[in-house]
Amino acid sequence: MKILAAVLTLTSACFAQTVATAAGQPAASEAIPAGPEVSFQFERIGLPVPKFTIVVHEDGTGSYQAQLAAVSAGAGQTSTAGPPVNKAIKLSSPTTQTIFNTAHALDRFNIECESKAKNIANTGKKTLSYKGADGQGSCLYNYSENKSVAQLTDTFQAIAFTMDEGRKLEFLHRFDRLGLYSEMDVLSHEVQEKRALELGNIAPALKAIIADEALMQRVRERAAHLLAESEEVSR
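Residues numbered from 1 in each chain as written. Predicted model: local features only at pLDDT ≥ 70, side-chain atom pairs only at ≥ 80, totals over all residues. Heavy atoms only, no water.

Colleague: Outline the overall build of the protein, supporting the account with residue identities and numerical values.
Modeller: For the protein, the helix and strand inventory stands at six helices and six strands. When its helices and strands are written in sequence order, the protein yields α-β-β-β-β-α-β-β-α-α-α-α. Burial status across the protein gives 41% buried among its 235 residues. When contacts within the protein are restricted to residue pairs at least 6 apart in sequence, those whose partners lie at least 24 apart make up 62%. Summed over all atoms, the accessible surface of the protein reaches about 13,200 Å², with 54% contributed by carbon and sulfur. (Helix = DSSP H or I, 4+ residues; strand = E, 2+ residues; numbered from the N terminus. Buried < 20%, exposed > 50% of the residue type's maximum accessible area, 1.4 Å probe, protein only. Contact = heavy atoms within 4.5 Å. Areas by Shrake-Rupley, 256 points an atom, 1.4 Å probe, with all protein chains shown as cover.)

See below:
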């Protein structure tokens with residue numbers, strides 16, 4: 001309750017500003033100051049988000065671009081292509097530093113990332129890339145035994161999970177409010193397991209839930225707790 005009350009005070013002052021400035025927020029495709037960048041591409045057919053790309057710049061700014069799965073139109077009908085997602089992101093300093101430190105430690109990904117083991121299940125086609133004045137490189141893999149590559153993969157996939165959860169929360173808040181109860185539990189669990197990172201990028205969705213007094217108290221309190229944790233991490 002104390003966390004919720006504190007966040008509500010903050011939300012009342014800045015939520016309106018968030019909504020008012022959303023239309024003027026720069027799109028992820030707009031020009032970003034030149035400098036080194038690290039990107040992660042993922043592709044695996046059959047998933048709700050079968051394809052996404054995350055680009056991160058040295059100052060923590062970047063973009064998340066994804067293609068949602070096609071929507072079935074029923075028997076005998078052509079499926080409708082899933083909508084694209086294009087969001088600007090801002091990562092915390094610790095996460096950004098870890099990404100770039102790892103990229104440099106791995107010679108800007110000019111290494112062999114793919115495991116030489118046989119009969120490895122398909123976990124998705126992944127590409128890590130680096131571009132900068134000091135050089136560039138990339139490596140393609142399905143599964144890597146390199147611990148640094150594996151940890152970086154987990155980090156990017158956890159960021160992607162958070163971005164998709166933000167999309168889900170916005171949808172449920174608008175069209176299926178009862179569904180927020182279970183979805184908030186899912187997000188909380190994934191945060192605890194470190195499979196959801198950088199929640200500051202979905203702060204607008206969390207603040208909207210906190211500010212909605214028509215929602216269940218437990219849902220609003222859970223959103224407030226997650227928001228408070230994300231703000232603590234970003235400090």
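So much for the structure itself; the text now carries on.
Colleague: Give me the nonpolar core: which residues, what numbers.
Modeller: Counting residues in each nonpolar core, the largest one holds 29 residues, and the members touching the most others are Phe52, Ile54, Tyr64, Phe109, Leu128 and Phe156. Those elements that provide at least two residues to this core are β1 (37-43), β2 (51-57), β3 (61-67), β4 (84-90), α2 (93-105), β5 (125-132), β6 (135-141) and α3 (147-175). The element that contributes the greatest number of residues to this core is α3, accounting for six residues. Leu187, Ile209, Ile210 and Val219 belong to the second largest nonpolar core, which has 20 residues in total. (Core = buried A, V, L, I, M, F, W, Y, C linked by side-chain atoms within 4.5 Å.)

Colleague: Got a sec to walk through the pairing of β1? Specific residues and values, please.
Modeller: As paired strands, β1 and β2 are joined by seven bridges and run antiparallel to one another. Each bridged residue has a counterpart across the sheet, and for Glu37 the counterpart in β2 is His57. Bridge count for β1 against β5 is seven bridges, and the pairing is antiparallel. What sits directly across from Glu43, in β5, is Lys125. (Pairing = 2+ DSSP bridges.)

Colleague: Which residues make up the side chain of Thr102, and what values do they have?
Modeller: Relative to the helices and strands, Thr102 is located in helix α2. The exposure class of Thr102 is buried, given its relative accessible area of 15%. What Thr102 contacts, discounting residues up to four positions off in sequence, is Ser148 and Leu152.

Colleague: Please provide a residue-by-residue account of the packing of α2 against α3, values included.
Modeller: Put simply, α2 and α3 touch, their axes get as near as 11 Å, and they point 145° apart. The way α2 lies across α3 gives a crossing that is left-handed. Here α2 contributes Thr95, Ile99 and Thr102 to the contact with α3, which in turn contributes Ser148, Leu152, Thr155, Phe156 and Ile159. (Axes fitted to C-alpha atoms, helices over the stretch in contact; angles between N-to-C directions. Left-handed = near helix turned anticlockwise from the far one by under 90°.)

Colleague: Describe the state of the cysteines, naming the residues involved and giving the relevant values.
Modeller: Scanning the entire structure with this criterion turns up one disulfide. Covalently, Cys113 is tied to Cys139 through a disulfide, its sulfur atoms 2.0 Å apart. For the disulfide bridge between Cys113 and Cys139, the dihedral angle about the S-S bond is near -65°, and by the sign convention the bridge is left-handed. Of this pair, Cys113 sits in the loop between α2 and β5 while Cys139 sits in strand β6, and the two are 26 residues apart along the sequence. With respect to burial, Cys113 and Cys139 carry one shared label: buried. (Disulfide = S-S within 2.5 Å.)

Colleague: Please provide a residue-by-residue account of α2, values included.
Modeller: The end-to-end C-alpha distance of α2 is 18 Å, a good match for the 18 Å that 13 residues give at a rise of 1.5 Å each. Within α2, burial applies to Thr95, Thr96, Ile99, Phe100, Thr102 and Ala103. Summarising the axial view, the buried residues of α2 lie within an arc of 160°, below the 170-degree limit, and thus occupy one face. Structural note: α2 exposes Gln97, Asn101 and Ala105 on the side pointing more than 90 degrees away from its buried face. If you follow the buried residues of α2, they end up packed against β1, β2, β5 and α3. Just downstream of α2 lies Asp107, where phi reads positive at about 55°. (Expected span 1.5 Å × (residues − 1). Arc of directions from axis to C-beta.)

Colleague: Describe a nonpolar patch on the surface, with residues and values.
Modeller: A cluster of nonpolar side chains, Leu178, Tyr181 and Met216, forms an exposed patch at the surface whose accessible area comes to about 300 Å². Residue position: Met216 is located in the loop between α5 (203-211) and α6 (217-234). (Patch = residues over 30% accessible without salt bridge, like charges linked within 9 Å, V, L, I, M, F, W, Y side chains within 5 Å. Salt bridge = Lys/Arg side-chain N within 4 Å of Asp/Glu carboxyl O.)

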